[in-house]
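For reference, the chains in residue letters:
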Amino acid sequence: MKYHRRVISHDLHALGFDAPDLDVLVNSAAEAGAVGVEDVGGFDLLAAYTDPSGARLALMKQKGHDEMETMASLVAPTTHPADVVRFSPTVALVDVYSQASTASMLTGESVLKLPAANRNHVARFLANVDDPVEVPLCAEPGDDTPRFVEHLRVGAVANQMLRVFESEEEYGRSHEGSLGGNGNLQFAAGTLLSPWLMEINAGRATRAEASAVAEMMMICRRVEKRTNALTGVDWYRIVGDTSIPMTVAIPVNLPRVPHEGSVISGQVVPVVSLGTWEGDVLWG
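Keep in mind it's a predicted model, so treat the numbers as computed, not measured.

Looking at the chain as a whole, the pLDDT averages 87, with 85% of positions reaching at least 70. The low-confidence segment residues 1–5, where pLDDT is below 50, has 20 contacts with residues more than four positions distant or belonging to other chains. Segment residues 180–186 is flagged for pLDDT under 50; beyond a separation of four residues in sequence, or across chains, it makes 7 contacts in the model.

A few words now on unusual backbone geometry. The residue Asp39 is not glycine, and still its phi comes out positive at about 55°. By secondary structure assignment, the location of Asp39 is in strand β2 (residues 35–40).

On to the side chain of His80. As for its position among the elements, His80 is in strand β6 (residues 79–86). For His80, the side chain forms a polar contact with the main-chain oxygen of Pro245, separated by 2.7 Å.

This paragraph deals with the pairing of strand β7 (residues 91–97). Burial analysis of β7 places 7 of its 7 residues in the buried class, which makes it a mostly covered element. Burial along β7 is two-sided: the face carrying Val91, Leu93, Asp95 and Tyr97 and the face carrying Ala92, Val94 and Val96 are both buried. In terms of strand pairing, β6 meets β7 through 5 bridges, oriented antiparallel. Looking at the pairing, Arg86 lines up with Ala92 of β7. As consecutive antiparallel partners, β6 and β7 are separated by 4 residues.

This model, assessed by the stated rule, comprises 16 salt bridges. One salt bridge in this structure joins Glu166 and Arg256, with 3.5 Å as the shortest N-O distance. Here the residue Glu166 occupies a position in the loop between β10 (163–165) and α4 (168–173), and Arg256 occupies one in the loop between β14 (245–251) and β15 (263–273), the gap between them amounting to 90 residues. Take Glu166: its relative accessible area is 35%, and that puts it in the partly exposed class. We note a salt bridge from Glu224 to Arg222, for which the minimum N-O separation is 3.5 Å. Bridged by salt links that share partners, the residues Asp39, Asp44, Lys61 and Lys63 form one connected network.

With that settled, consider the packing of aromatic side chains. Enumeration over the complete set of coordinates arrives at 3 aromatic pairs. Taking the centre distance of 6.3 Å and the plane angle of 40° together, the rings of Tyr97 and Phe148 count as tilted. Taken together, the residues span a long stretch of sequence, with Tyr97 in strand β7 and Phe148 in strand β9 (residues 147–158) at a distance of 51 residues. We classify Phe148 as buried; its relative accessible area is 16%. Relative to Tyr171, the ring of Phe165 has its centre 5.2 Å away and its plane inclined at 85°; by these criteria the two rings are edge-to-face. Neither Phe165 nor Tyr171 differs from the other in exposure class; each is buried.

Quick look at the nonpolar core now. Ranked by internal contacts, the top residues of the largest apolar core, which has 62 residues, are Leu15, Val94, Phe125, Leu152, Val248 and Ile264. Element by element, the count of residues in this core is highest for β9, at 6 residues. The next biggest cluster of nonpolar side chains, apart from the first, holds 13 residues, and it includes Val91, Leu126, Ile200 and Ala212.

Considering the arrangement of structural elements, one finds Ser53 in the loop between β3 (43–50) and β4 (55–62). Here the side chain of Ser53 touches Asp51 through a polar contact of 2.7 Å, side chain to side chain. With residues near it in sequence (within four places) discarded, Ser53 still touches Arg226, Thr227, Asn228 and Trp235.

About the thresholds
- Residues numbered from 1 in each chain as written.
- Predicted model: local features only at pLDDT ≥ 70, side-chain atom pairs only at ≥ 80, totals over all residues.
- Heavy atoms only, no water.
- pLDDT = per-residue confidence, 0-100.
- Contact = heavy atoms within 4.5 Å.
- Helix = DSSP H or I, 4+ residues; strand = E, 2+ residues; numbered from the N terminus.
- Polar contact = N/O pair within 3.5 Å; in protein donor to acceptor, adjacent residues only side chain to side chain.
- Buried < 20%, exposed > 50% of the residue type's maximum accessible area, 1.4 Å probe, protein only.
- Pairing = 2+ DSSP bridges.
- Salt bridge = Lys/Arg side-chain N within 4 Å of Asp/Glu carboxyl O.
- Phe/Tyr/Trp six-rings, centres within 6.5 Å; stacked < 30°, edge-to-face > 60°.
- Core = buried A, V, L, I, M, F, W, Y, C linked by side-chain atoms within 4.5 Å.

Written out as structure tokens, the structure reads:
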């Protein structure tokens with residue numbers, strides 16, 4: 001069976017999934033206890049290896065495709081109530097709501113039971129889904145039927161070398177934080193932007209073309225160095241604030257070490273999970 005790339009991509013490296021090539025990594029994950037299901041929801045194979053460190057390697061072979069695809073994911077401790085609908089086999093639109101609205105606090109109802117009009121919408125972005133058949137596929141606009149998930153795991157994986165700023169103040173004084181100005185006009189450090197979502201909304205891209213790649217600026221709240229048990233390679237798991245609290249995986253070979261209060265900025269791939277791989281029962 002062929003893989004769509006032989007070299008280890010940056011997103012896999014961000015989770016410590018380093019290996020001489022992809023074949024070696026996939027075979028090691030299979031031997032270490034990857035679990036999966038064949039012939040489910042438009043896939044010939046859906047599988048995942050979840051490392052004790054919280055790093056996850058998902059393996060997917062779509063029906064009609066010759067190549068196996070990999071997805072970098074993680075067990076994110078940050079969860080949110082959200083509507084999720086797939087635009088393509090592995091990429092979904094995610095609408096996140098606040099954990100508790102005034103209405104739910106007054107009535108004692110969960111966000112799930114509130115009418116959609118009463119939910120407080122806080123973020124929208126595209127993300128990879130590591131258990132995609134749990135999410136409805138709506139490849140064409142006009143017939144969207146999202147699934148509401150009360151505790152969606154929300155994370156991201158670095159897709160390039162991220163920039164690290166010592167503090168929000170340093171970020172605000174930087175060329176990036178002031179958009180090249182004199183520093184008087186400063187931008188908020190906590191944001192998550194999906195360029196492909198903007199392209200779809202502008203009619204310049206289709207849902208099938210869209211990628212989950214995003215631009216992220218995060219304020220770090222908790223930084224943990226973790227060791228990938230499969231490879232012995234360290235990586236950082238950072239919990240912080242973008243437009244919402246989320247968890248990001250980044251490699252340790254950065255020019256500056258991130259810490260609580262740092263701002264990290266750059267390209268990431270958001271990834272969400274409905275928790276299937278942590279459950280006792282898989283599909284079928």
